[in-house]
Amino acid sequence: MILKLAFGGIAILAAVAGIVAITGDPAVASAFAFGGAVLSGISLAYLIGRDGKKAL
């Protein structure tokens, strides 16, 4: 469930970054894109940690 929320958040942040990049300030768009990247990294770390615990 937590991964579904994280992936939904990534999609929303990416969509907002794309819209803002087209219509407005590039600094705001890069902030949204960076937020999506951070959330993606956290999700990946969670997946790796979860899979590592199952292997043991």
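Here the structure is shown first, and the text comes after it.
Residues numbered from 1 in each chain as written. Predicted model: local features only at pLDDT ≥ 70, side-chain atom pairs only at ≥ 80, totals over all residues. Heavy atoms only, no water.

(A) Molecular detail of the overall build of the protein. The number of helices and strands found in the protein is two helices and zero strands. With respect to the principal axes defined by its C-alpha atoms, the protein has extents near 50 × 20 × 10 Å. Accessible surface, the protein: about 4,100 Å² in total, of which carbon and sulfur atoms supply 77%. (Helix = DSSP H or I, 4+ residues; strand = E, 2+ residues; numbered from the N terminus. Areas by Shrake-Rupley, 256 points an atom, 1.4 Å probe, with all protein chains shown as cover.)

(B) Up close: helix α1 (residues 2–23). Taking 1.5 Å of rise per residue, the 22 residues of α1 would be expected to cover 32 Å, and the 32 Å separating its terminal C-alpha atoms lies within 8% of that figure. Considered for burial, the residues of α1 that qualify are Leu-3, Ala-6, Gly-9, Ile-10, Ala-17 and Val-20. The buried residues of α1 occupy one face: seen down the axis, they fall within an arc of 120°. Across α1 from its buried face, at more than 90 degrees, point the exposed residues Lys-4, Leu-5, Ile-12, Ile-19, Ile-22 and Thr-23. (Expected span 1.5 Å × (residues − 1). Buried < 20%, exposed > 50% of the residue type's maximum accessible area, 1.4 Å probe, protein only. Arc of directions from axis to C-beta.)

(C) Examining the side chain of Ser-43 more closely. If you trace the backbone, Ser-43 turns up in helix α2 (residues 26–55). A relative accessible area of 4% places Ser-43 in the buried class. If sequence neighbours within four positions are ignored, Ser-43 has contacts with Leu-3, Ala-6, Phe-7 and Ile-10. (Contact = heavy atoms within 4.5 Å.)

(D) Just the environment of Ala-27, in detail. Position of Ala-27 relative to the elements: it lies in helix α2. Ala-27 sits in the partly exposed class, given a relative accessible area of 46%. Expressed as a C-alpha distance, the spacing of Ala-27 and Ala-17, which sit 10 residues apart in the sequence, is 9.8 Å.

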